[in-house]
Amino acid sequence: MARINTNFSKLAAGYLFPEVARRTRVWQEKNPGVKVMRLGIGNTTEALPKELVDAMKHKLDLLSDRSTYTGYGDEQGDVALRQALRDFYSRHYGVELEMDEFFVSDGGKSDSANIQDLFSEDNVVAIQDPAYPVYVDSNVVGGRTGEHDDSTDCYKGFVYLRSTAENGFIPAPPEEKVDLIYLCSPNNPTGAVATKAQLKAFVDYARKNRAIIIFDAAYSAYIEDPELPRSIYEIEGAKECAIEINSFSKLAGFTGVRLGWSIVPHDLVCENSERDELHRMWNRRQCTFFNGASNIAQAGGIAALTDEGYRACCELVDYYKGNARIIREGMESLGFTCYGGTDSPYIWTKGPNGISSWDFFDMILDRCHVVVTPGSGFGPAGEGYVRISAYGHREDVEAAVASIKENLKI
Ligand SMILES: *Cc1c(COP(=O)(O)O)cnc(C)c1O
């Protein structure tokens, strides 16, 4: 008899985006004909850069001809893309990695979930709170927690690193000994970016405790401040203790195209592994569980890393950051306390007079007809905040902000 993985039943209701959709639908039914504006989702909206589109069209032409057709490629990714990634890290971040330390994937989210395959079920996991939900849910399903405690909205067995206004939404390393630490910088949902000193504290902790950091840098292209680290490998010693996950989704507008990469260094070690063992294990995992990313997407990725392609991607990123500036200035002009939105596409906004995230969500929907995302959906420390997303067409963002400015005076 087959039996289910009972860890699934521990998952707290996948409540956030379905509940946002439900409340929006209910409101729309009560207010037919009123246009609802959306600043909720973390999904790109603008057209792909021409340089990338041309490269993908060219790849399609090659696939359309039997003399140039290619099928499966290397599971780890096209050599040309892995070399381009290696050169990009060297040129833009001053980080020297080897080509075979890059593993191309179909996106950062699946890598974030899959990476736990490398680690024993009895590892203690620390996560930032609030956090991108996949880090939590993948480890629940992987059996690294006890039950969910509804009264605290926490899973037993996880170590929550609370990100609050007091610590600038970048927590210090845990007091206790943990084994796996998930970090995301620039952060989704808070928009906070860790400084080199803050990351160094985590790297020092991890080396001392032989812990592993899983560093999600999906928004690294949004960092303007040259002092802020865009790769964890800018911190000395990080190759021994950190895996980095990144994606073309927010860099190149590839949310629908699907392409990402992870870096598993040869030097990475944990308590019971030798040098290179984790790298070999991930290679083994990818070769048997994964058949490589789309070759069309990879052609676009190679184009995104050329000087011209990267410049076009930066323009796209700047467009969204222009939206972020409009949103942040609009909210601040009304007296709201905002975080993020400068080196990140998310503006983390505190609700007035201590109201809950959902009440603030309802207030903005009801008065301004704008949908945002309740912060409490990303973890208990998100309570009292909403996340406002800069992804959207400029004119829609302007209309939403104008409506907020008109109708949300507090
Ligand atoms: C959007 C996002 C990603 C990228 O996910 P893909 O699967 O590559 O589209 C990764 N991490 C975070 C925190 C994100 O917000």
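Structure shown above.
Below, the structure is looked at part by part. (Residues numbered from 1 in each chain as written. Predicted model: local features only at pLDDT ≥ 70, side-chain atom pairs only at ≥ 80, totals over all residues. Heavy atoms only, no water.)

## Details of the nonpolar core
The following threshold applies: Note on terminology: a nonpolar core comprises buried Ala, Val, Leu, Ile, Met, Phe, Trp, Tyr and Cys residues joined through side-chain atoms within 4.5 Å. Burial classification: accessible surface area is computed with a 1.4 Å probe over protein chains only, and a residue below 20% of its type maximum counts as buried, one above 50% as exposed, and the rest as partly exposed. Segments assigned H or I by DSSP are reported as helices when at least four residues long, segments assigned E as strands when at least two residues long, and all are numbered from the N terminus. For the domains described, the bounds stem from an automatic or database domain assignment. Residue contacts are counted whenever heavy atoms from the two residues lie within 4.5 Å of one another.
Tyr89, Ile181, Ile213, Ile232 and Phe248 are the most contacted members of the largest nonpolar core, which totals 53 residues. Tallying contributions element by element places helix H3 (residues 79-93) first for this core, with six residues. A domain-level breakdown of this core finds at least three residues from each of domain 1 (9-47 + 309-407) and domain 2 (52-306). If we ignore the near neighbours within four places in the chain, the residues touching Phe248 are Leu81, Leu85, Gly253, Phe254, Leu259, Gly260, Trp261, Gly301, Ala304 and Leu305. Formed by 33 residues, the second largest nonpolar core is a distinct cluster that contains Leu16, Val372, Ile388 and Val401.

## Section: the side chain of Ser403
Summarising the element assignment, Ser403 is placed in helix H12 (residues 394-407). Looking at Ser403, the relative accessible area reads 11%, which means it is buried. For Ser403, the residues in contact, after removing those within four places along its chain, are Met37, Cys368 and Leu408.

## What to know about unusual backbone geometry
Here the amide bond leading from Asp129 into Pro130 is cis, since omega sits at 5°, within 30 degrees of zero. Structurally, Pro130 is set in the loop between strand S3 (125-129) and helix H5 (133-141). Each neighbour pair has its own omega, and for Asn188 with Pro189 the value is 20°, a cis peptide bond. Backbone geometry places Arg210, a non-glycine residue, at a positive phi of 50°. With respect to the secondary-structure elements, Arg210 resides in the loop between helix H6 (196-209) and strand S8 (212-216). With phi around 50°, Asn353 is a residue other than glycine that occupies positive phi space. Relative to the helices and strands, Asn353 resides in the loop between strand S12 (346-350) and helix H11 (357-368).

## Quick look at the site of the ligand
Filter applied, for reference: Note on terminology: near, applied to a residue and a molecule or strand, indicates that one of the residue's heavy atoms is within 4 Å of it. Any N or O atom pair separated by 3.5 Å or less is treated as a polar contact, with the protein-specific requirement of one donor-capable and one acceptor-capable atom, and with residues adjacent in sequence counted only for side-chain atom pairs. Residue burial considers only the protein chains on display, and all accessible areas are found by Shrake-Rupley using a 1.4 Å probe. In the cavity and pocket records, a cavity denotes points on a 1 Å grid over the protein atoms alone where a 1.4 Å probe fits but cannot get out, a pocket denotes an open set with protein on both sides within 12 Å along at least 5 of 7 lines, and lining residues are residues with an atom within 4 Å of a point. Any molecule with more than half of its atoms within 2 Å of a cavity's or pocket's grid points is regarded as sitting in that cavity or pocket. Note on residue classes: Ala, Val, Leu, Ile, Met, Phe, Trp, Tyr, Cys and Pro are nonpolar, Asp, Glu, Lys and Arg are charged, and everything else, Gly too, is polar.
Taken together, 14 residues form the shell around the ligand, and within it Gly108, Tyr219, Ser247, Ser249 and Lys250 come nearest. In this structure, Tyr219 approaches the ligand through a side-chain N or O atom, which is 2.6 Å from an oxygen atom. Bound to the protein, the ligand loses 94% of the 380 Å² it would expose on its own. In this structure, the ligand is accommodated by the largest pocket. Elements supplying a minimum of two residues to the shell around the ligand: helix H4 (108-114) and helix H7 (249-252). Here the residues of the shell around the ligand sort into five nonpolar, five polar and four charged.

## Re the sheet that holds S8
Pairing between the strands of a sheet comes from backbone hydrogen bonds, and it takes one of two forms, parallel or antiparallel. Note the cut-off: Whether two strands pair depends on DSSP finding at least two bridges between them. All axes are obtained by fitting lines to C-alpha atoms, using only the stretch in contact for helices, and the reported angles, taken between N-to-C directions, cover 0 to 180 degrees.
Strands sit in the order S2-S10-S9-S8-S7-S3-S6 across an open sheet of seven strands; the sheet is mixed. Sheet topology places strand S2 (102-105) and strand S6 (159-162) at the edges, where each strand pairs with a single neighbour. Averaged over all neighbouring strand pairs, the angle between strand axes comes to 20°, with direction disregarded. Of the pairings in the sheet, the one linking strand S7 (residues 180-184) to S8 comprises five bridges and is parallel in character. When the bridges of S8 are listed, Leu183 appears paired with Phe215.

## What to know about empty space enclosed by the protein
Going by this rule: Grid points are joined across faces, edges and corners, and a volume is the space filled by probe spheres set on the points.
Scanning all chains against the criterion turns up two cavities of 30 Å³ or more. Considered as a void within the structure, the largest cavity measures approximately 80 Å³ in volume. Classifying every residue of the lining of the largest cavity gives seven nonpolar, three polar and one charged. One number sums up the size of the second largest cavity: a volume of about 50 Å³. Forming the walls of the second largest cavity are Gln128, Ile170, Leu183, Cys184, Ser185, Ala194, Leu199, Phe202 and Phe215. Counting residues per element, the ones that place at least two in the lining of the second largest cavity are S7 and H6. Class assignment of the residues belonging to the lining of the second largest cavity gives a composition of seven nonpolar, two polar and no charged.

## A few points about the packing of aromatic side chains
By convention here, two paired aromatic rings are described through the distance between centres and the angle between planes. Worth spelling out the cut-off: Pairs were defined over the aromatic rings of Phe, Tyr and Trp, the Trp ring being its six-membered one, requiring ring centres within 6.5 Å. Orientation was assigned from the angle between planes: stacked under 30 degrees, edge-to-face over 60, tilted for the rest. Only Lys NZ and Arg CZ are tested; either one counts as a charge over a ring when it is within 6 Å of the ring centre and within 35 degrees of the ring normal.
One pass over the full model with this rule turns up 23 aromatic pairs. For the ring pair Tyr219 and Tyr346, a centre distance of 5.4 Å and an interplane angle of 75° mean the geometry is edge-to-face. Residue Tyr219 is found in the loop between S8 and strand S9 (242-247), and its partner Tyr346 is found in strand S12; the two are separated by 127 residues along the sequence. Tyr219 gets classed as buried once you look at its relative accessible area, which sits at 3%. Pairing Phe248 with Phe254 gives two aromatic rings, centres 6.0 Å apart and planes at 40°, and the pair type is tilted. By the burial criterion, Phe248 is buried, and Phe254 matches it. Ring pairing ties together the aromatic residues Phe88, Tyr89, Tyr93, Phe102, Phe248, Phe254, Trp261 and Tyr310, which thus form one cluster. The side chain of Arg82 reaches across the aromatic face of Phe103, ending 5.7 Å from its centre. Over the face of the ring belonging to Tyr319 we find Arg394, whose NZ or CZ atom lies 4.7 Å from the ring centre.

Interpretation note: all reported values are geometric properties and have no functional meaning in isolation.
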